[in-house]
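# Fold and geometry: a report
Spelled out from the first residue to the last, the chains are:
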Protein chains: 2
Amino acid sequence: MELDERKLKILQAIIRTYLDTGEPVGSRTISKYSELNLSSATIRNEMADLEEMGYILQPHTSAGRIPSDKGYRLYVDTMMEAKESEVNSLKEELEEKAGRVDDVLKQVAKFLAANTNYATMVSGPKYQSKRVKFIQITSVDEEHLLAVIVLDNNSVKNQMIRVDEAVEAEVLLKLNFILNTTLNGLDVVEMNLALIQRIKEQMETHTQVIDSVLEVIGKTLLENDDPEIYTSGTTNILKYPELADKSKAAEIISAFEDKETFHSWLGLSDREMGNDTHDIQVYIGDENNVASMRDCSMVTATYQIREGVYGKIGIVGPKRMDYDKVVGTLNSLMGQLDDIFKEK
Amino acid sequence: MELDERKLKILQAIIRTYLDTGEPVGSRTISKYSELNLSSATIRNEMADLEEMGYILQPHTSAGRIPSDKGYRLYVDTMMEAKESEVNSLKEELEEKAGRVDDVLKQVAKFLAANTNYATMVSGPKYQSKRVKFIQITSVDEEHLLAVIVLDNNSVKNQMIRVDEAVEAEVLLKLNFILNTTLNGLDVVEMNLALIQRIKEQMETHTQVIDSVLEVIGKTLLENDDPEIYTSGTTNILKYPELADKSKAAEIISAFEDKETFHSWLGLSDREMGNDTHDIQVYIGDENNVASMRDCSMVTATYQIREGVYGKIGIVGPKRMDYDKVVGTLNSLMGQLDDIFKEK
DNA sequence: GTTAGCACTCATCAGAGTGGAGTGCTAATT
DNA sequence: AATTAGCACTCCACTCTGATGAGTGCTAAC
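Below, the structure is looked at part by part. Predicted model only: the values in this text are computed from it and were never measured.

With that settled, the discussion passes to the side chain of Asn180(B). Within the fold, Asn180(B) resides in helix α7 (residues 169-183). Not counting residues up to four positions away in its chain, the partners in contact with Asn180(B) are Phe134(B) and Ile135(B).

Right, here's the structure in full:
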């Protein structure tokens, strides 16, 4: 059986109507759908075909049809018309409070949730490499040294080090010099025993201090810095009857609360990144690789703060989410985010 | 009318039973309650009195009674017997991953949620004063200075500063000396124009750099550092039918998501702190000053990391939460937390 | 003061009946 | 050959009903 133009039109009509109403749509409804002047009986025959082909389902005999995942997929791939929705207000809102990047992202999550009525998730930017650019050890008071480490992405880490007795200024000076010349440009895995031995030899004395210092450097570099994840509007899930079932809703909302769920998912996209578009993707039902979202759809987009520093935005809703609007909103938003980050 | 011993016993029996079952308890149930050998008719009379006094309510005629807020309050104040519950497993769990303080707190939130089946919230420690202990400006590369500021609570802040041209080492040396001598021990409000003018005069040149540096220092000190708030188990709310109503549940869960709700509430406790106990408090229904929690009870405790550095733990559940267990668990937990923080 | 007994109230549940939306099939129409 | 009208049928959703049972308040007896 072939998916001719008429079938496509009918399928589209079914999906559009279902997205609107959330209720199974019957043949008569479609028959009245202006464009195609067909009787309900004809539609019924076509619907039977569409069902056989797997694009639509019947919740039970004598009910209307609803789109299947396959149907949604076809819709998203070929029939969607992204609505150019306006997100002007966002920019204004942001300009005011535009503090640090994470403030912006928090706002974005909130804004999207409020505007779409779905649950949203925004990951903080993910930096890739972790090479040391600059290290400095300073004496803060008699008992504390402060280690400051700047990485090549200009992110800064610091850590207090407790010492038993004050360390003299010239020792620190020497230590700093050695650390910087030896470790500069290195990744944590490149800091091997040989290097460490060399540092110790050069310093001759104060091995205890050096030990703590090196330990701190290692720890700091290894420190997991999974990007922060900001969520908003998770309770919007409860607005959609097909998800509001207690156990389902709990599962989904928990996934948002326990943000680690998203880390695995964020990791995946590392390799597929690259094309310069904002890379908007739609995952329908089982296409989500997070099990608890099997009854949802998720639309994601990738934003870029600068070369090599990117993050993700995700919108989660029922399968019958308004894809056109969501994709439109994201599209428009991404443009604005680009502007905002360019200014910084 | 007086609240004699028998009435108290009956009230206690009603509340205990209701906490257990969650269903209105009738006179016959209480009559069978071993200790007091009274017929249901007698109980009924007493119940009528208790209702008149406002300790219990009838959801509708011909239903059993449920405790009123006033009843719960009486129970919590005078009849509760904190169960010494074991939270040994926590300590073990923590020892392993005992990384930074915030990791510990995150774990605590999770642990409590899992163990109590209520929603939990743990605020990060709140530092009180914000005096500068140490400032250092360093040159990272040609275009970037790095400002590191250590506060008197040993927390460290840092911020990159972009400059147009490299700043020479001796200038930085001088700047650091001046900044430290001038600003040391000061609060942000004490850094007035006169001081700033003095710094500028001493430096003579490089006013532009100084301007940015001072701006950064000011911003950094003012930066809101409302403590982080970790939540867990918010979806537990859905387990309690009296809260699982969609709009109620959404309100409560949103409050947890939008953590700012708790900030106002955390602030309040500033003044009432001080007694050396762990200060466990129970807020029932309308006693919560967060409106969205009017149908919940919340049990809070205060932990202390060290002198003057404390945070809060909150457990939110239905009014018929198991106060005995929750208070017991918190009590035991607080002891363990003390140990853990002492080690650090 | 306590209790047994009784009439009464009200929520909950199961079953029956109804209406409506929608289908699939067949026969008639174009 | 494709389309349509018509009809019997299915199934959900809703309402109404009566039965059940838990629980009460009151009265009169103990």
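Here we take up the protein's contact with DNA strand D. As a structural note, the neighbourhood of DNA strand D is formed by 20 residues, with Arg6(A), Thr42(A), Thr61(A), Ser62(A) and Ser27(B) the closest of them. Near the protein, meaning within 4 Å, the atoms of DNA strand D are sugar or phosphate in a fraction of 74%, with bases accounting for the rest. A distance of 3.2 Å separates a base oxygen of DNA strand D from a polar atom in the side chain of Arg44(A). At a separation of 2.8 Å, a base oxygen of DNA strand D approaches a polar side-chain atom of Ser62(A). Taken together, the elements giving at least two residues each to the surface near DNA strand D come down to α3 (40-53) of chain A together with α3 (40-53) of chain B. Per-element tally for the surface near DNA strand D: the top contributor is α3(A), with four residues. Class assignment for the residues of the surface near DNA strand D results in four nonpolar, 12 polar and four charged.

Moving on, we get to a negative patch on the surface. The grouping of Glu142(A), Glu143(A), Asp164(A), Glu165(A), Glu168(A) and Glu170(A) at the surface amounts to a negative patch. With respect to the secondary-structure elements, Glu165(A) resides in the loop between β6 (156-162) and α7 (169-183).

Reported here for the second largest pocket is a volume of approximately 730 Å³. Forming the boundary of the second largest pocket are 29 residues, of which Gln136(A), Leu173(A), Asn176(A), Gln136(B) and Leu173(B) lie nearest the centre. Broken down by secondary-structure element, the contributors of at least two residues to the lining of the second largest pocket are β4 (132-141) and α7 of chain A together with β4 (132-141) and α7 of chain B.

For the pair chain A and chain B, the relating rotation is 180 degrees, the translation along its axis is 0.1 Å, and the fit reaches an RMSD of 0.1 Å. On this basis, the relationship between the two copies can be described by a two-fold rotation axis. Most of the interface of chain A is mirrored in chain B, where 100% of its interface residues are also at the interface.

Before going further, it helps to examine helix α8 (residues 193-203) of chain B. Residues and elements named next belong to chain B. Within the sequence span of α8, burial applies to Leu 195, Ile 199 and Met 203. Looking down the long axis of α8, one finds its buried residues gathered within 70 degrees of arc, a one-sided arrangement. For α8, the exposed residues lying more than 90 degrees away from the buried face are Leu 193, Ala 194 and Glu 201. Its buried side turned inward, α8 meets α7 and α9 (207-222).

Here we take up the sheet that holds strand β8 (residues 281-284) of chain A. Residue and element names in this part refer to chain A. Pairing in this open sheet of five strands is antiparallel, and the strands run β7-β3-β10-β9-β8 from one edge to the other. Of all the strands in the sheet, the pair left with one neighbour each is β7 (229-232) and β8. Sheet twist, expressed as the average angle between the axes of neighbouring strands with direction ignored, equals 20 degrees. Bridge count between strand β3 (residues 119-123) and strand β10 (residues 309-318): four bridges; the pairing is antiparallel. In the strand pairing of β10, Met 121 is matched with Gly 314.

Turning our eyes to something else, we now look at the sheet that holds strand β5 (residues 144-151) of chain B. What holds strands together in a sheet is hydrogen bonding between their backbones, with the strands either parallel or antiparallel. All names here are of chain B. Taken in spatial order, the three strands make up an open sheet running β4-β5-β6, and their pairing is antiparallel. Where the open sheet ends on each side, the last strands, each with one partner, are β4 and β6 (156-162). Between one strand axis and the next, the sheet turns through 20 degrees on average, direction left out of account. Two elements, β5 and β6, share seven bridges in a ladder whose sense is antiparallel. Counterpart to Val 148 in the pairing with β6 is Asn 158. Sheet contacts for α7: β4 and β5; angle to β4, the most-contacted strand, approximately 165 degrees. Here α9 sits on the sheet and contacts β4, β5 and β6; the angle it forms with β6, its principal contact strand, is near 145 degrees.

Rules used in this analysis
Residues numbered from 1 in each chain as written. Chains lettered and ligands numbered in written order. Predicted model: local features only at pLDDT ≥ 70, side-chain atom pairs only at ≥ 80, totals over all residues. Heavy atoms only, no water. Helix = DSSP H or I, 4+ residues; strand = E, 2+ residues; numbered from the N terminus. Contact = heavy atoms within 4.5 Å. Near = heavy atom within 4 Å. Polar contact = N/O pair within 3.5 Å; in protein donor to acceptor, adjacent residues only side chain to side chain. Nonpolar A, V, L, I, M, F, W, Y, C, P; charged D, E, K, R; others polar. Patch = residues over 30% accessible without salt bridge, like charges linked within 9 Å, V, L, I, M, F, W, Y side chains within 5 Å. Areas by Shrake-Rupley, 256 points an atom, 1.4 Å probe, with all protein chains shown as cover. Salt bridge = Lys/Arg side-chain N within 4 Å of Asp/Glu carboxyl O. Lys, Arg positive; Asp, Glu negative; His and termini not counted. Charge placed at Lys NZ, Arg CZ, Asp CG, Glu CD. 1 Å grid on protein atoms, 1.4 Å probe; cavity = no way out; pocket = protein on both sides within 12 Å on 5 of 7 lines; lining within 4 Å. Points joined across faces, edges and corners; volume = space filled by probe spheres on them. Least-squares fit on C-alpha atoms with pLDDT ≥ 70 in both. Buried < 20%, exposed > 50% of the residue type's maximum accessible area, 1.4 Å probe, protein only. Arc of directions from axis to C-beta. Pairing = 2+ DSSP bridges. Axes fitted to C-alpha atoms, helices over the stretch in contact; angles between N-to-C directions.

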